[in-house]
Amino acid sequence: VTPEDLERYTQTVWDSVLHFLVGTEHATMEPPPAVVHFLLQTNLMQTDPEYTGHNAQQEAPLVITEKGYDFLIRDNQQQVWHFCLQYLQVVAANKEKGERMVKEALLLLICLSFSRLGEAYPASALTKSGRRMLKDLAHFGLLYVRELTIPVVPDGGGGGEP
């Protein structure tokens, strides 16, 4: 993958999220459910409060919020930093594992900041949570993930010798 391919990929995915956020018909791809969930969780989008259908909670379209508009008027670098801060807040909200997950997310972001464009990052050294974070970042186009394969180790579930 060339640096130009990576730049094109990143911009295409990020732009598709922004197009989804404003509700334009020009979105080149529908964002994954994790992206939609994140946009709702961070209050960049909400269900349309003016929707009057039969089952408003399930059928109401999503619309951009004032916070979402504020996000859009920032330049790309500010948007990415805002995303990172929001991501850390969402991770920290996990009552059970929040503190550990925030530390892991910060460590991952710091390690990624030392990566070079086009060079692979060894995801095999990451924990399951770290690999999940890579996928989350990839959903927004902030990372290009070739393939996240996790080796399967047999657990010997048969209870006896093979």
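Predicted, not measured: the structure shown is a model, and the values here were computed from it.

### Focus: the overall build of the chain
Argument step 1. Within the chain, the secondary structure is distributed over seven helices and two strands.
Argument step 2. Per-residue burial for the chain yields a buried fraction of 30% across its 162 residues.
Argument step 3. Counted over contacts in the chain with a minimum sequence separation of 6, partners at least 24 positions apart contribute 49%.
Argument step 4. Accessible surface for the chain amounts to roughly 11400 Å². Of this, 55% is attributable to carbon and sulfur atoms.

### Notes on the pattern of salt bridges
Argument step 1. This model, assessed by the stated rule, comprises four salt bridges.
Argument step 2. Of the charged contacts in the structure, one is a salt bridge between Arg-8 and Asp-5, with a shortest N-O distance of 2.7 Å. With Arg-8 and Asp-5 both in helix 1 (residues 3–22) and three residues apart, this pair spans about one turn of that helix.
Argument step 3. For the salt bridge of Glu-104 with Arg-100, the shortest nitrogen-to-oxygen distance reads 3.3 Å. One end of the pair is Glu-104 and the other is Arg-100, both in helix 6 (residues 98–113) and four residues apart, which spans about a single turn.

### As for the environment of Leu-134
Argument step 1. By secondary structure assignment, the location of Leu-134 is in helix 7 (residues 128–139).
Argument step 2. Residue Leu-134 is classed as buried on the basis of its relative accessible area of 6%.
Argument step 3. The sequence separation of Leu-134 and Leu-109 amounts to 25 residues, and the corresponding C-alpha distance is 9.7 Å.

### Observations regarding a nonpolar patch on the surface
Argument step 1. Nonpolar side chains collect at one region of the surface, where Leu-106, Ile-110 and Phe-114 lie side by side and expose about 330 Å² of accessible area between them.
Argument step 2. Counting through the fold element by element, Ile-110 comes out in helix 6.

### As for the environment of Thr-12
Argument step 1. Its place among the elements puts Thr-12 in helix 1.
Argument step 2. The class of Thr-12 is partly exposed, set by a relative accessible area of 33%.
Argument step 3. Taking C-alpha positions, Thr-12 is 7.7 Å from Gly-141, a pair spaced 129 residues apart along the chain.

### Some words on the packing of helix 6 against helix 7
Argument step 1. At a closest axis distance of 10 Å, the pairing of helix 6 and helix 7 adopts a crossing angle of 60°. One element, helix 6, and the other, helix 7, form an angle in the oblique class. Seen from above, helix 6 lies across helix 7 with right-handed handedness. Contacts from Arg-100, Met-101, Glu-104, Ala-105, Leu-108, Leu-109 and Leu-112 of helix 6 reach helix 7 at Ser-129, Gly-130, Met-133, Leu-134 and Leu-137.

Rules used throughout
- Residues numbered from 1 in each chain as written.
- Predicted model: local features only at pLDDT ≥ 70, side-chain atom pairs only at ≥ 80, totals over all residues.
- Heavy atoms only, no water.
- Helix = DSSP H or I, 4+ residues; strand = E, 2+ residues; numbered from the N terminus.
- Buried < 20%, exposed > 50% of the residue type's maximum accessible area, 1.4 Å probe, protein only.
- Contact = heavy atoms within 4.5 Å.
- Areas by Shrake-Rupley, 256 points an atom, 1.4 Å probe, with all protein chains shown as cover.
- Salt bridge = Lys/Arg side-chain N within 4 Å of Asp/Glu carboxyl O.
- Patch = residues over 30% accessible without salt bridge, like charges linked within 9 Å, V, L, I, M, F, W, Y side chains within 5 Å.
- Axes fitted to C-alpha atoms, helices over the stretch in contact; angles between N-to-C directions.
- Parallel < 35°, antiparallel > 145°, perpendicular 65-115°, else oblique.
- Left-handed = near helix turned anticlockwise from the far one by under 90°.

These figures come from the coordinates and say nothing about function on their own.
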